[in-house]
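# Fold and geometry: a report
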Amino acid sequence: MPRFPFTAVVGADDLSTALVLTAISPAIGGVLVRGEKGTAKSTIVRGLVGVLPRVDVVAGCRFSCDPAEPAPDCPDGPHPIGADAAVTAERRPTRLVELPVGASDDRVTGSMDLAQALGAGRTEFHPGLLAQAHRGLLYVDEVNLLADHLVDLLLDASAMGRNTVERDGMSVTHPARFVLVGTMNPEEGELRPQLLDRFGLSVDVNASRDPDERAEVVRRRLAFDADPDAFSARYAAAETELGARIVRAQEALDGVDLSAWALRTIARVCAGFDVDGMRADIVIARAARAHAAWCERDRVTREDIRVAARFALSHRRRRGPFDPPGLDEELLDRLLDEEPEPPTDPEGPDDPQPPSGGSNDDPNAEPGDGDDAPDNDDDGLPPAGSQQPPASSDRATESSSDSVDPQHDSPSDAEESSQEQPSSEQRTGAAAAVGTASAGTPYRPRRFEVRGVGRGEAGRRSAAETTRGRVIGVSPTTTGRVHVTATITSAASRRTAGTRGRLDIAAHDVRHARLRGRESNLVLFCVDASGSMAARKRMDEVKTAVLSLLLDAYERRDKVGLVAFNGADAHVLLAPTSSVDRAAAALTQLPHGGRTPLAEGLTLAASTLERERRRDPRRRALVVVVTDGRATSGPDALARAQRTASAWPGLGVDTVVVDCESGRFRMRLAADLAHRMGATHVPLENVSAAGLVDAVAAAREPHGKAA
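Residues numbered from 1 in each chain as written. Predicted model: local features only at pLDDT ≥ 70, side-chain atom pairs only at ≥ 80, totals over all residues. Heavy atoms only, no water.

## Considerations on the overall build of the chain
Counting secondary structure elements, the chain contains 24 helices and 20 strands. Looking at the chain residue by residue over its 707 residues, the buried ones come to 50%. Expressed as a percentage of contacts within the chain between residues at least 6 apart in sequence, the contacts between residues at least 24 apart total 79%. About 32,300 Å² of surface is accessible on the chain, with carbon and sulfur atoms providing 50% of the total. (Helix = DSSP H or I, 4+ residues; strand = E, 2+ residues; numbered from the N terminus. Buried < 20%, exposed > 50% of the residue type's maximum accessible area, 1.4 Å probe, protein only. Contact = heavy atoms within 4.5 Å. Areas by Shrake-Rupley, 256 points an atom, 1.4 Å probe, with all protein chains shown as cover.)

Here it is as structure tokens:
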């Protein structure tokens with residue numbers, strides 16, 4: 001299947017440069033590509049293979065050993081070396097190995113060859129995707145949806161250049177040097193900061209807002225779809241030249257000088273950005289040398305360090321799950337300029353231009369590639385040394401923390417005040433916003449989990465039979481890891497006493513291991529944002545509690561959703577998603593005020609659960625209702641809310657009611673609501689793990705108050 005040419009991609013200068021630097025020096029550690037859907041992330045990554053040089057491999061070696069320097073511990077070795085190696089060598093294109101999101105760890109690292117083990121009685125290693133990707137490109141689309149342990153495994157192999165498998169009585173080590181590229185859409189969830197740090201470089205990709213550039217993208221895509229071969233032929237010369245330039249840079253890489261000034265500058269930049277650990281320093285040093293080699297320089301310059309720092313630091317600035325990635329380029333320039341670069345006369349061209357595969361000078365250019373085309377080079381690589389900083393990608397949200405909260409002595413006073421003179425917004429069913437509270441610093445919440453044993457996707461919240469965990473039994477029907485001992489036992493049980501020879505294993509003898517671990521769940525928050533929640537700054541505490549529970553959901557790999565109710569109706573602020581930071585942003589912007597449509601909030605939460613259950617029937621849900629239990633919107637509001645709550649147990653969903661009522665005299669409406677719903681009742685002050693401990697300790701005192 002023809003691939004869209006790498007040099008024909010429009011408007012991806014930063015991404016093209018980062019991919020080329022990693023191709024020159026795979027030790028950089030790979031590239032993470034973050035961007036919205038439809039920004040050619042996958043297209044340009046797949047196109048990179050077309051410009052990478054062909055590789056010489058040992059014929060018949062499943063691990064793609066280099067004939068000039070075969071791995072001494074290759075499982076297919078030992079291989080001949082010296083003059084004999086040329087006889088067994090073959091040349092092939094660089095491989096692109098794609099790792100699917102649903103891959104198992106056996107498929108990635110390799111495993112015992114069951115056909116040989118059960119059929120011939122021999123223990124042999126069956127190579128995985130890491131072996132196939134050796135000396136090539138390993139591509140993971142939607143890497144943020146990949147299981148964390150697989151991401152760790154990939155990044156370990158990428159950094160070490162080797163893969164070690166210790167399982168089923170085997171101990172195998174083989175080389176695994178590859179260019180790792182992962183793409184992701186942040187709307188579908190972020191990677192943990194610990195995993196972000198393991199990627200060498202990171203690039204944010206956004207669709208161009210320039211009409212001419214967008215039109216050029218469409219023209220080229222339509223031309224490629226109409227005749228892929230003819231379109232690719234037009235860029236063949238540019239692809240060949242770019243590949244040759246990459247080879248020259250690879251050969252020159254070891255000769256690039258990284259001076260003491262450059263090392264001090266790199267260290268000053270990383271320290272100035274308060275980066276944890278030393279990985280960023282090492283990555284910038286490697287990337288700066290690769291960029292200097294790409295620009296045909298024999299020493300690292302300020303510009304090389306700047307380009308490398310932009311790619312290596314932006315994702316490492318994200319300390320917490322709700323921190324947006326980004327880089328202060330003004331600070332970067334100040335740090336770079338603190339110690340001037342030593343004056344020397346650089347060798348080589350001052351401004352080497354990359355090949356221009358689809359430039360306006362192409363005599364065979366199709367309509368749309370002429371003078372009206374945008375003024376960018378068609379191979380996606382800007383002139384070396386002229387990197388333009390991208391627009392800031394910070395997605396920080398603004399919250400009106402100074403909004404005026406109603407100053408009342410009790411929740412009831414606050415709500416009565418909001419009901420005395422209803423606004424036109426309230427009369428028409430809209431929520432009358434009184435203010436926007438600010439969340440405090442998140443704390444460690446107590447652990448809530450779904451009762452029973454599920455069968456959902458592996459995670460860290462509730463007990464479940466999953467693909468990871470401890471073995472609790474075997475099954476002849478389930479899929480997953482084969483339990484070798486149980487399989488042999490089943491076959492042996494059919495054998496006649498005294499029979500000798502090879503053990504015959506039939507298909508019905510195969511047994512699979514049943515694993516007990518933990519699953520991820522859907523945590524649906526149903527938050528009361530009415531005026532009664534504003535008293536005594538209670539909404540600040542509510543947002544802090546929900547933010548803490550969101551952080552807990554992030555760490556346990558849950559999906560989250562957010563329903564809010566106030567005024568005359570309820571609204572889905574965020575449909576169930578893996579992007580916990582989007583839920584945090586929606587919570588930050590949530591205003592409070594108006595009456596309390598409790599029945600409407602519960603009804604909307606139930607319908608949201610039903611839709612998600614049809615979409616993902618194996619994922620169990622946990623509903624967290626945050627309210628003081630009041631119901632004041634619409635006719636017979638409290639009775640309607642009680643009827644809705646009484647019908648709630650029929651949904652069969654585990655529920656927690658976080659009681660936000662405060663003050664000396666309490667109506668205990670939230671406690672009654674929890675009882676009717678069959679839910680766990682938790683006072684707001686007991687949501688934190690520390691608060692629960694304090695409450696239990698106080699209850700054990702002779703005169704302690706009940707929690």
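## Topic: the packing of helix α21 (residues 598–615) against helix α22 (residues 637–647)
The geometry of α21 relative to α22 is characterised by a closest axis approach of 8 Å and an angle of 25° between their N-to-C directions. Comparing the axis directions of α21 and α22 gives the class roughly parallel. Helix-helix and strand crossings are classified by hand; for α21 and α22 the assignment is left-handed. In contact with Leu 598, Ala 599, Glu 600, Leu 602 and Thr 603 of α21, α22 contributes Arg 640, Ala 641, Thr 644 and Ala 645. (Axes fitted to C-alpha atoms, helices over the stretch in contact; angles between N-to-C directions. Parallel < 35°, antiparallel > 145°, perpendicular 65-115°, else oblique. Left-handed = near helix turned anticlockwise from the far one by under 90°.)

## Remarks on helix α19 (residues 538–555)
Taking 1.5 Å of rise per residue, 18 residues should cover 26 Å, and α19 covers 26 Å from first to last C-alpha, within 8% of that figure. One or two positions beyond α19, positive phi appears at Arg 557, with a value near 65°. (Expected span 1.5 Å × (residues − 1).)

## A look at the pattern of salt bridges
Here the structure, examined in full by the defined rule, presents 38 salt bridges. Residue Glu 216 is joined to Arg 219 by a salt bridge in which the shortest nitrogen-to-oxygen separation is 3.3 Å. Here the residue Glu 216 and the residue Arg 219 both occupy positions in helix α9 (residues 211–226), the gap between them amounting to three residues, near one helical turn. Overall, the relative accessible area of 0% leaves Glu 216 in the buried class. By relative accessible area, which is 28% here, Arg 219 ends up partly exposed. (Salt bridge = Lys/Arg side-chain N within 4 Å of Asp/Glu carboxyl O.)

## What about the sheet that holds strand β15 (residues 522–528)?
If you trace the six strands from one edge of the open sheet to the other, you get β17-β16-β15-β18-β19-β20, paired in mixed fashion. Taken across any chain shown, the strands that pair with only one partner, and hence form the sheet edges, are β17 (569–577) and β20 (680–683). Shown here is a sheet whose adjacent strand axes are inclined to one another by a mean of 15°, direction ignored. Taken together, the four bridges between strand β19 (residues 654–659) and β20 define a ladder with parallel strand orientation. The partner of Val 658 across the bridge, within β20, is Val 682. (Pairing = 2+ DSSP bridges.)

## Observations regarding the sheet that holds strand β10 (residues 178–184)
The strand order across the open sheet built from five strands is β4-β7-β10-β1-β11, with neighbouring strands paired in parallel fashion. Two strands lie at the open edges of the sheet, namely β4 (96–98) and β11 (201–205), each paired on one side alone. When the angles between neighbouring strand axes are averaged without regard to direction, this sheet yields 20°. Bridging between strand β1 (residues 31–35) and β10 involves four bridges; their strand directions are parallel. Paired with Leu 32 across the two strands is Gly 182, which belongs to β10.

## Brief notes about the packing of aromatic side chains
A complete count under the given rule lists five aromatic pairs for this structure. Seen in terms of ring centroids, Phe 4 and Phe 231 are 5.3 Å apart; in terms of plane orientation they differ by 35°. Their pairing is tilted. Taken together, the residues span a long stretch of sequence, with Phe 4 in the segment before α1 (13–24) and Phe 231 in helix α10 (residues 228–234) at a distance of 227 residues. Looking at Phe 4, the relative accessible area reads 10%, which means it is buried. Accessibility expressed as a relative area gives 2% for Phe 231, which makes it buried. Between the aromatic rings of Phe 231 and Tyr 235, the centroid separation amounts to 5.1 Å while the plane-to-plane angle is 45°, which identifies the pairing as tilted. Linked through ring pairs, Phe 4, Phe 224, Phe 231 and Tyr 235 together constitute an aromatic cluster. (Phe/Tyr/Trp six-rings, centres within 6.5 Å; stacked < 30°, edge-to-face > 60°.)

## Brief notes about helix α13 (residues 279–294)
Look at α13: 22 Å from first C-alpha to last across 16 residues, which is about the 22 Å you get at 1.5 Å a residue. A large share of α13 lies buried, amounting to 12 of its 16 residues. On the buried face of α13, the contacting elements are α1, β11, α11 (236–252), α12 (260–272) and α14 (302–313). Positive phi appears at Glu 296, one or two residues downstream of α13, with a value of about 60°.

## Here's the deal with the side chain of Asp 558
Following the sequence through the fold, Asp 558 ends up in the loop between α19 and β16 (559–566). One polar contact links Asp 558 to Arg 461, side chain to side chain, over a distance of 2.5 Å. Not counting residues up to four positions away in its chain, the partners in contact with Asp 558 are Arg 461, Ser 520, Asn 521, Val 523, Ala 553 and Val 580. (Polar contact = N/O pair within 3.5 Å; in protein donor to acceptor, adjacent residues only side chain to side chain.)

## Let's talk about the pairing of β16
Within β16, eight of the eight residues are buried, which leaves it mostly tucked inside the rest of the structure. Judged by which residues are buried, β16 turns out to be covered on both faces: Lys 559, Gly 561, Val 563 and Phe 565 on one side and Val 560, Leu 562, Ala 564 and Asn 566 on the other are all buried. The pairing of β15 with β16 spans seven bridges and is parallel. Following the sheet pairing, Cys 526 is matched in β16 by Val 563. As judged from the six bridges shared by β16 and β17, these two strands associate in the antiparallel manner. In the strand pairing of β17, Asn 566 is matched with Asp 569. A loop of two residues connects β16 with β17, the two strands running antiparallel in sequence, and Gly 567 in this loop sits at a positive phi of about 70°.

## Topic: the environment of Arg 62
On the secondary structure map, Arg 62 appears in the loop between β2 (55–58) and α3 (83–87). Looking at Arg 62, the relative accessible area reads 36%, which means it is partly exposed. It is 9.9 Å that separates the C-alpha atoms of Arg 62 and Gly 128, two residues lying 66 residues apart in sequence. In this structure, Arg 62 is in contact with Asp 76, Phe 125, Pro 127 and Ala 131, ignoring residues within four places of it in sequence. A polar side-chain atom of Arg 62 sits 2.8 Å from a polar atom in the side chain of Asp 76.

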